[in-house]
Every structure is written in C-alpha cells, then in structure tokens.
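Coordinate analysis (summary)
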Amino acid sequence: RFMRKGYFFIENFQLSSRTDNIVIDSLVNAKYSLAKKENIKMNIDIKIPMQINMDYADLSIVVGNILDNAIEANLKIPSEKRFIDLFARVDKNLLIITIINAYDGILIKDKDGNVLSRKLDINNHGWGLISLKRVVEKYQGSYIIEDKEEIFSLKIMILLRNN
C-alpha cells in the first residue's frame, strides 16, 4: 500500500484490497477470494480516496455487479483463459471504473444495444445491469461496453457529488 496526497491505492494487487475504503475493500476481497477459487486471474489497480462523495449503497451496486458479472462470464470458459482486470480511480470529481474480462464471445443485446441476461429465468435475473444503469444515471454518468474477440470491457464514469 502506498500513500500520496491522502489517497491510498494498490499496485500489483496480490492478496487483498486495502484502500481504506471499506466498501471497495470488502467487495473486492470477497470477489477476489471467489475468483481465486475458480482459477480466475485478477489484476487490480485501485486508486481512490479513503472517502468518496457517493452513497455507499450505490458504490456497492456498481462494484458488486460488475465483479459478479465478470466472474460469471469467466466460469463459462476454460480455466486457462480466465482473467479479470479491474481499474478504479478518482480524477477530480469523476469516479472512473474499468473492468476487462474474458468471456465466451456470446453477448445478447436488445434492439437498442443494451446487453441482456442469458439466464433462462429473466424475471429473476438481469437486474444487475439495470441497477448499474440506474446508479450511473443517478450521478449523471455514463458507461461504454465493448466486446471484441472474447474480451468484454466496461468503462463507467460517475460524476461525484460536490461537498
């Protein structure tokens, strides 16, 4: 763990998240343990302040959903191809989170280009992406989804509230 100008961040993440942001640390550590059990290689580079001006429930929805989706996507491919790269930082009043992960190359989208759940029980699944979209919109943010050659990437930009 390194400290610069009141920010804690991780470089070359190995064992656990220690940003001193309890929401990020708790979620990332739990998901890291699950990924490790499933032979998913994780590269994590988180540079965020100890306190961020965003509701912790909303932060949990974003980080939890993107990690859950990335882990689930990796479980559909052979273990030697599995990986998740997670990057997060705050730049002025913008929270930027990028996740890149392996997946099987099958992505279902609706007519508007929104990614849909592939689970059979659509009434009880697919809410993660809807919740993520609601949080991003709540903070006047945006997100970009790209998929290419069995690599999925999601970049989220959230405008943090002023004090």
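Structure: see above.
Residues numbered from 1 in each chain as written. Predicted model: local features only at pLDDT ≥ 70, side-chain atom pairs only at ≥ 80, totals over all residues. Heavy atoms only, no water.

1. Quick notes on helix 2 (residues 56-74)
- With 19 residues, helix 2 extends 27 Å from end C-alpha to end C-alpha; this agrees with the ideal 27 Å at 1.5 Å per step.
- Of all the positions in helix 2, only Asp58, Leu59, Val62, Val63, Gly64, Asn65, Ile66, Leu67, Ala70, Ile71, Ala73 and Asn74 are classed as buried. (Helix = DSSP H or I, 4+ residues; strand = E, 2+ residues; numbered from the N terminus. Expected span 1.5 Å × (residues − 1). Buried < 20%, exposed > 50% of the residue type's maximum accessible area, 1.4 Å probe, protein only.)

2. Considering helix 1 (residues 22-37)
- In this model, helix 1 (16 residues) spans 23 Å end to end at C-alpha, consistent with the 22 Å of a helix rising 1.5 Å per residue.
- Within helix 1, burial applies to Val23, Ile24, Asp25, Leu27, Val28, Lys31, Tyr32 and Ala35.
- For helix 1, the secondary structure elements touched by its buried residues are strand 3 (41-49), helix 2 and strand 4 (83-91).
- Immediately beyond the C-terminal end of helix 1, within one or two residues, lies Asn39, with a positive phi of roughly 60°. (Contact = heavy atoms within 4.5 Å.)

3. So, the packing of aromatic side chains
- Taken as a whole and judged by the stated rule, the model has 1 aromatic pair.
- Residues Tyr103 and Phe152 carry aromatic rings whose centres are separated by 6.0 Å and whose planes lie at 75° to one another, so their mutual orientation is edge-to-face. Of this pair, Tyr103 sits in the loop between strand 5 (94-102) and strand 6 (108-109) while Phe152 sits in strand 9 (residues 151-159), and the two are 49 residues apart along the sequence. There is no split in this pair, since Tyr103 and Phe152 are both buried. (Phe/Tyr/Trp six-rings, centres within 6.5 Å; stacked < 30°, edge-to-face > 60°.)

4. Considerations on the nonpolar core
- Core analysis: the largest hydrophobic core is formed by 38 residues, its most contacted members being Met54, Leu95, Ile97 and Ile156.
- For this core, the secondary-structure elements that each account for two or more residues are helix 1, strand 3, helix 2, strand 4, strand 5, helix 3 (127-138) and strand 9.
- The leading source of residues in this core is helix 2, at 8 residues.
- Ignoring any residue separated from it by four or fewer positions in sequence, one finds Ile97 in contact with Val62, Val63, Ile66, Leu86, Phe87, Ala88, Leu154, Lys155 and Ile156. (Core = buried A, V, L, I, M, F, W, Y, C linked by side-chain atoms within 4.5 Å.)

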